[in-house]
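Understanding the architecture of this molecule
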Amino acid sequence: MTEVFEGSFTQQEPIPEAGIEAAIGLMRHGRLHRYNVAEGELGETALLEQDFAAYTGASYALAVASGGYAMGCAMRAIGVKAGDRVLSNGFTLAPVPGAIASLGAVPVFVEVTDNLTIDLHDLATRIETSGAKILLLSHMRGHLCDMDALMDLCSRAGVQVIEDCAHTMGARWRDTASGRHGVFGCYSCQTYKHINSGEGGLLVSDDDTAMARAIMLSGSYMLYERHAAAPSPDVFEQVKWDTPNISGRMDNLRAAILRPQLANLDAQVEAWNARYEVMERGLQDVPGLRLIQRNPNGRFVGSSFQFLLPNAGAAEIEHFAARCADRGVELKWFGAETPRAFTSRYDSWRYAGTQRLAQTDRVLAGLLDMRLPLTFSLDDCALIARIIRDEAGQITNPQPVAKLG
Ligand SMILES: *Cc1c(COP(=O)(O)O)cnc(C)c1O
């Protein structure tokens, strides 16, 4: 019997009842703008910031309109200017180079390893050759590089780090929340991330001046005293005259939906990881299929799953993905020549120049990717793994592994 999976790869869980209740309450009184608060009231957005600072252990947090906005705001807050070079991973998604381009800055992509993390040797080389002083580090698909080695390299080279934690909200490196190594950590609350308000973003930092600037930038007018996870007013006094307002605030409705989800995030992380482990076990020892090795110092969030078919040619992979799709398993392939939906590649961002990354090309040519929404049961994951295993076994004519460089 040919097994077929019938679930949906894009169906997220419903908003928790507590979030629905809070959202209805807000709509009843109508104070949706974050600074539209009653006497003595903090407002859901300020409360979310307080909750998120406590969750990550950061001194300060700021809620904004999207993850992409968070990254652009973080770069502006530390003074990135038009024409500056900003290092980032060769394997990431479009909002990352887009945030760099939004400042008129220029992305410099760094090679990715077979484990889908930034290549630290290539990073060292490109720091030297580009002269860039900023790294927008993308923890793409939740894979954390050796953060100790990365921070050591960057601090020795005088490179400031901003972390894109769109896929690592809830993850940790040793005992430190992901997003707490760099001067800013940036998160997304878009529907396909770890907490869902449709759109939204968060920033964390311990840097007084940088966070005061970020809050001014986000469009706080002169109402920064209505924040509850912000630097003290005297820090704002120093920056408020020369920091433009580039509105990108979060509203109270989204914050109200997010707070109960944040309170439950650690339980969700356990649920994702249980699904990830079922997938990993189910795909152990499949000839020609390589699993991604994760650093034991990380606590990951398995909200998506990747594997490599390093020996298969493009035609075999297309065929394999089509057969999986016929059996209900939606895989995204990063080797396709034309960008599809969310899956675009550094060479599809032509505004960013024409860099060639031979190692990244080789890795992406064999990379398959899928979502693991929490609406999947453990049995669903076992079934998906059986289908992938079965179809990978049908790849009969593998091409030799492409050579590096
Ligand atoms: C989703 C995502 C972001 C932020 O996206 P927004 O849609 O702007 O919230 C940033 N980086 C990566 C890798 C992402 O997947």
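Residues numbered from 1 in each chain as written. Predicted model: local features only at pLDDT ≥ 70, side-chain atom pairs only at ≥ 80, totals over all residues. Heavy atoms only, no water.

The name that an unreviewed UniProt entry assigns to the protein chain is Aminotransferase DegT, with the source organism given as Litoreibacter roseus. According to its UniProt record, the protein chain has this under Sequence similarities (unreviewed entry): "Belongs to the DegT/DnrJ/EryC1 family." (UniProt positions renumbered as here; feature names shortened; annotations may be inferred.)

**So, the overall build of the protein chain**
What the protein chain contains, in helices and strands, is 13 helices and 14 strands. For the protein chain, the C-alpha radius of gyration of 22 Å lies close to 22 Å, the compact-globule estimate for 405 residues. Dimensions of the protein chain, computed from C-alpha atoms along their principal axes, come out at roughly 70 × 50 × 35 Å. Burial status across the protein chain gives 54% buried among its 405 residues. Across the protein chain, contacts joining residues at least 24 apart in sequence account for 72% of those joining residues at least 6 apart. Only carbon and sulfur atoms are counted for the fraction: they give 50% of the accessible area of the protein chain, which is about 16900 Å². (Helix = DSSP H or I, 4+ residues; strand = E, 2+ residues; numbered from the N terminus. Rg over C-alpha atoms; globule rule 2.2 N^0.38 Å. Buried < 20%, exposed > 50% of the residue type's maximum accessible area, 1.4 Å probe, protein only. Contact = heavy atoms within 4.5 Å. Areas by Shrake-Rupley, 256 points an atom, 1.4 Å probe, with all protein chains shown as cover.)

**Some details on the domain arrangement of the protein chain**
The domains assigned to the protein chain are domain 1 (17-263) and domain 2 (265-392). Counting the surface lost from both domain 1 and domain 2, the interface buries some 3300 Å², and carbon and sulfur atoms represent 55% of this. There are three salt bridges connecting domain 1 and domain 2. We note a salt bridge from D114 to R290, for which the minimum N-O separation is 3.7 Å. Our count for the domain 1 to domain 2 interface comes out at 20 residue pairs in polar contact (both at pLDDT 80 or more). Sort the elements by how many residues they give to the side of domain 1 that touches domain 2 and strand β3 (residues 106-110) lands first, with four residues. Grouping the constituent residues of the side of domain 1 that touches domain 2 by class yields 21 nonpolar, 10 polar and nine charged. (Domains from an automatic or database assignment. Buried area = accessible area lost by both parts, 1.4 Å probe. Salt bridge = Lys/Arg side-chain N within 4 Å of Asp/Glu carboxyl O. Polar contact = N/O pair within 3.5 Å; in protein donor to acceptor, adjacent residues only side chain to side chain. Nonpolar A, V, L, I, M, F, W, Y, C, P; charged D, E, K, R; others polar.)

**Focus: the pattern of salt bridges**
Taken as a whole, this structure holds 23 salt bridges when the rule is applied. For D242, the salt bridge identified is with R213, shortest N-O distance 3.4 Å. Here the residue D242 occupies a position in the loop between α8 (233-239) and α9 (252-263), and R213 occupies one in helix α7 (residues 208-217), the gap between them amounting to 29 residues. The partly exposed category is assigned to R213, whose relative accessible area is 24%. Linked by salt bridges that have partners in common, E337, R345, D347, R356 and D361 make up one network.

**Some points on the pairing of strand β8 (residues 184-188)**
For β8, the tally of buried residues reaches five of five residues, placing the bulk of the element in the interior. Residues F184, C186 and S188 point to one face of β8 and G185 and Y187 to the other, with burial holding for every one of them. Sheet analysis places strand β5 (residues 160-164) next to β8, joined by three bridges and oriented parallel. By the bridge assignment, E163 is partnered in β8 with G185. Both β8 and strand β9 (residues 201-205) contribute to a ladder of four bridges, which runs antiparallel. Looking at β9, one finds that Y187 is bridged to L202. (Pairing = 2+ DSSP bridges.)

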